[in-house]
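Residue-level listing of the chains:
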Amino acid sequence: MSTNNKSAIPENASPLVRRLGRTVLLTSEEVEYLETMQVNQAEIAKGDEFIHDGEPMRITFLLRRGWVIRYKITPGGRRLIIGVSLPGDFIGLHTSFSHQSIYSASALTKVSLALIEPVRILEIHRRFPVLASGLDWMTVRHSNILSEHKVSLGARSAAQRILHFFLELWTRLEQVSIANSKGFELELTQEQIADCMGLSTVHVNRSISYLSKENLVRIEKGFVSFPQVSRSVSFADFEERFLMEFSGDSTGSRDVAERVTKK
């Protein structure tokens, strides 16, 4: 899980800038726009719900610090967590196209959010084509994560499902310089993992015990590590490409276009 940082990114840069700056050369103007876009901020206490299913959603949230869960509550009262948002993630990126939220969201930890008016997002498309492509990439990546979770629900065992999820979180956190080469700090309880994976808490407990016994994962004081990464990746059927990083290099696209034109 290597870093290829092409931009001169300040040490105190926001997670969003760090993420995009890993694989594309950001100009100073682009960095400044992304940072000033985040000046309107709010602090959310752990456990507070700040998005309510079915209510108007007129701004875009950008998570700067902490973890957020997005979820649906069934008519029978069952909660299903449909996604975990991490620093650098947008929540409601295209609020200009949807007037009501289709899920609820609450702070899993103490959270810092940037509150962004949709017009600022539209301005990116007008002024900064590379950044606009980056936003489109983040939308596709979000869809990829949901698709991979669906594969886990239908085709992976409980132990594989949980280990795959842990590897996903590790990769995503490492991409914004929050995790290290050993692992990451887990902010989810076993009950919350169960709600993410469509399992019972008892099943999650048994599966994590199995993974620990097989030396596929280790959890000590909330820190998740992988003693034998290659074995963990193989067991979980984990392919990092669904978490692909943004690239502004259009060389490949031009090559394809030239081949098609020659035909």
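Residues numbered from 1 in each chain as written. Predicted model: local features only at pLDDT ≥ 70, side-chain atom pairs only at ≥ 80, totals over all residues. Heavy atoms only, no water.

## Focus: the overall build of the protein
In terms of regular secondary structure, the protein is built from nine helices and eleven strands. Taking all 263 residues of the protein together, 46% fall into the buried category. A separation threshold of at least 6 residues defines the contact pool for the protein, and within that pool the share at least 24 residues apart is 71%. Accessible surface computed for the protein: about 13,600 Å², of which carbon and sulfur atoms make up 51%. (Helix = DSSP H or I, 4+ residues; strand = E, 2+ residues; numbered from the N terminus. Buried < 20%, exposed > 50% of the residue type's maximum accessible area, 1.4 Å probe, protein only. Contact = heavy atoms within 4.5 Å. Areas by Shrake-Rupley, 256 points an atom, 1.4 Å probe, with all protein chains shown as cover.)

## A word on the packing of helix H2 (residues 28-36) against helix H3 (residues 118-127)
The geometry of H2 relative to H3 is characterised by a closest axis approach of 11 Å and an angle of 170 degrees between their N-to-C directions. Regarding the angle of H2 to H3, the classification is roughly antiparallel. Along the contact surface, H2 presents Glu29, Tyr33, Leu34 and Thr36, while H3 presents Arg120, Glu123, Ile124 and Arg127. The residue makeup of the contact of H2 with H3, split by class, is three nonpolar, one polar and four charged. (Axes fitted to C-alpha atoms, helices over the stretch in contact; angles between N-to-C directions. Parallel < 35°, antiparallel > 145°, perpendicular 65-115°, else oblique. Nonpolar A, V, L, I, M, F, W, Y, C, P; charged D, E, K, R; others polar.)

## Details of the sheet that holds strand E8 (residues 111-116)
Pairing is antiparallel across the open sheet formed by four strands, whose spatial order is E1-E8-E3-E6. One side of each edge strand has no neighbouring strand; the edge strands of this open sheet are strand E1 (41-44) and strand E6 (90-91). (Pairing = 2+ DSSP bridges.)

## What about the confidence of the model for the protein?
Confidence in the prediction for the protein averages 87 pLDDT; 88% of positions are at 70 or higher. Contacts of residues 1-5 to residues separated by more than four positions or lying in other chains number twelve contacts, the stretch itself having pLDDT below 50. A low-confidence stretch, residues 250-263 stays under pLDDT 50, and its non-local contacts, those more than four residues away or across chains, total zero contacts. (pLDDT = per-residue confidence, 0-100.)

## Considerations on the side chain of Thr60
Structurally, the position occupied by Thr60 is in strand E3 (residues 60-65). A polar atom in the side chain of Thr60 sits 3.4 Å from the backbone oxygen of Leu93. (Polar contact = N/O pair within 3.5 Å; in protein donor to acceptor, adjacent residues only side chain to side chain.)

## Quick notes on H3
Within the sequence span of H3, burial applies to Pro118, Ile121 and Ile124. For H3, the arc enclosing every buried residue in end-on projection is 110 degrees, short of the 170-degree limit, so these residues lie on one face. On its buried side, H3 packs onto H2, E3, E6, E8 and helix H4 (129-155). (Arc of directions from axis to C-beta.)

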